[in-house]
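The primary structure of each chain is shown beneath.
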Amino acid sequence: PRADLRLGGQPAPPQLLLGRLFRWPDLQHAVELKPLCGCHSFAAAADGPTVCCNPYHFSRLCGPESPPPPYSRLSPCDEYKPLDLSDSTLSYTETEATNSLITAPGEFSDASMSPDAAKPSHWCSVAYWEHRTRVGRLYAVYEQAVSIFYDLPQGSGFCLGQLNLEQRSESVRRTRSKIGFGILLSKEPDGVWAYNRAEHPIFVNSPTLDAPGGRALVVRKVPPGYSIKVFDFERSGLLQHGPEPDAADGPYDPNSVRISFAKGWGPCYSRQFITSCPCWLEVLLNSH
């Protein structure tokens, strides 16, 4: 039942109480929790008679950025250089090419050309990179949510452990071993969310995370068990009506998200560009 429980004389929502007992002892408020889209009660009305209290059906919302590591003093933000995205051109071009609908001769008709008759289009494509090398082909996502992981005995999604490369550096092998359960990427009414299911942090950047009009790249650290809205649909619409930011080092894609496993990059880290990260994802949103 949705009614509060009492613990030590203090009333608490059941999801807060169970979350504090089983996952996050420092959890203070229920507003810090976000339901995961895989829960059957995810789309239930907020005023329903019951509420899910399974602590593993929730994630914790990612709060303000934690202080950067000490070595970031060697790379102050005012010396930031634009992110090098030149290696992303190939995957972005291929994504646009896959958006075209191929129809065999003789199949053109009013019915086949109607939107309802066409195959549902993917809402994003995911590319996996190791430093400057893209490994494997683009993974098109049609479902509302997709798991991206290293190796699991069951379940479905994008398995990075199956992508082979002849030669890998030691840093890549070490980072790949930290991917584990990886992330859950979901398209929700307000935007695209990433839930960190791994035991190590992930680092994310997108145009809607950057400060408006700011020249400094914003890379957010997402600890294990936390979620963050990596792409905001409403804010994206506002940004695309404004001036295009400087991108002298490569093409600028306003509908993309970049996620690095275990290693951060940007003005507050020793790695200035994401192409210096051992293992990272490029999420190319289908703007159509």
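If you're wondering where the values come from, they're calculated on a predicted model, not measured in any experiment. (Residues numbered from 1 in each chain as written. Predicted model: local features only at pLDDT ≥ 70, side-chain atom pairs only at ≥ 80, totals over all residues. Heavy atoms only, no water.)

**Structural notes on the overall build of the chain**
Defined as follows: By the criteria applied, helices consist of DSSP H or I runs no shorter than four residues and strands consist of E runs no shorter than two, each listed in order from the N terminus. Burial classification: accessible surface area is computed with a 1.4 Å probe over protein chains only, and a residue below 20% of its type maximum counts as buried, one above 50% as exposed, and the rest as partly exposed. Only heavy atoms matter for contacts: two residues are in contact if any of them lie within 4.5 Å across the pair. In this description, accessible areas are obtained by the Shrake-Rupley approach with a 1.4 Å probe, and a residue is regarded as covered only by the protein chains that are shown.
When helices and strands are counted, the chain shows four helices and 15 strands. Here the chain holds 288 residues, and the buried ones make up 40% of them. Counted over contacts in the chain with a minimum sequence separation of 6, partners at least 24 positions apart contribute 66%. Here the chain has roughly 16,100 Å² of accessible surface; of this, 56% comes from carbon and sulfur atoms.

**Overview of the pairing of strand 6 (residues 133-141)**
Counted only if it meets this: Pairing between strands is defined by DSSP: at least two bridges between the two strands are required.
Here strand 5 (residues 124-130) runs beside strand 6; their pairing, made up of six bridges, is antiparallel. When the bridges of strand 6 are listed, Glu130 appears paired with Thr133. The loop that links strand 5 with its antiparallel partner strand 6 comprises two residues; one of these, His131, has a positive phi angle of about 55°.

**Focus: the pairing of strand 5**
Of all seven residues that make up strand 5, seven are buried, and the element is covered over most of its length. As defined by bridge partners, strand 5 adjoins strand 15 (residues 280-285) across six bridges and the pair is classed as antiparallel. Bridge assignment links Ala127 to a residue of strand 15, and that residue is Glu282.

**Quick word on the pattern of salt bridges**
We count it as follows: For this analysis, a salt bridge means a side-chain nitrogen from Lys or Arg found within 4 Å of a carboxyl oxygen belonging to Asp or Glu.
This structure, assessed with the given rule, holds nine salt bridges. We note a salt bridge from Arg60 to Glu32, for which the minimum N-O separation is 3.2 Å. Residue Arg60 is found in strand 4 (residues 58-61), and its partner Glu32 is found in the loop between helix 1 (14-22) and strand 3 (33-35); the two are separated by 28 residues along the sequence. Classification of Arg60 by relative accessible area gives buried; the value is 6%. Between Lys229 and Asp190 there is a salt bridge; the shortest N-O distance is 3.3 Å.

**Here's the deal with unusual backbone geometry**
One non-glycine residue, His131, lies in positive phi territory at about 55°. Considering the arrangement of structural elements, one finds His131 in the loop between strand 5 and strand 6. Relative accessible area serves as the criterion here: at 26%, His131 is assigned to the partly exposed category. One non-glycine residue, Ala262, lies in positive phi territory at about 70°.

**Here we look at the packing of aromatic side chains**
Defined as follows: Each pair of aromatic rings taken from Phe, Tyr and Trp, with Trp reduced to its six-membered ring, is defined by centres within 6.5 Å and is described as stacked if the planes are under 30 degrees apart, edge-to-face if over 60, and tilted in the remaining cases. Criterion for a charge above a ring: Arg CZ or Lys NZ at most 6 Å from the ring centre, at most 35 degrees from the ring normal.
Evaluated as defined, the whole model comprises four aromatic pairs. Their ring planes at 10° and their centres at 5.1 Å tell us that Trp129 and Trp280 sit as a pair that is stacked. Within this pair, whereas Trp129 is found in strand 5, its partner Trp280 is found in strand 15, the two being separated by 151 residues in sequence. On the basis of relative accessible area, Trp129 is assigned to the buried category, the value being 3%. Taking the ring centre of Trp193 as reference, the NZ or CZ of Lys34 above it sits at 4.7 Å.

**Things to note about the sheet that holds strand 10 (residues 191-196)**
Pairing is mixed across the open sheet formed by seven strands, whose spatial order is 3-4-13-10-9-7-8. Bordering the open sheet on either side are strand 3 and strand 8 (158-159), each of which pairs with just one other strand. Note that strand 10 and strand 13 (residues 226-232) share five bridges and pair antiparallel. Paired with Gly191 across the bridge in strand 13 is Asp232.

**Let's talk about the confidence of the model for the chain**
For the record, the criterion: On a range of 0 to 100, pLDDT expresses the predictor's confidence in each residue.
In this model, the chain carries a mean pLDDT of 78, and residues with pLDDT of at least 70 account for 72%. Segment residues 66-117: pLDDT under 50, and 72 contacts once partners within four positions in sequence are set aside and those in other chains are kept.

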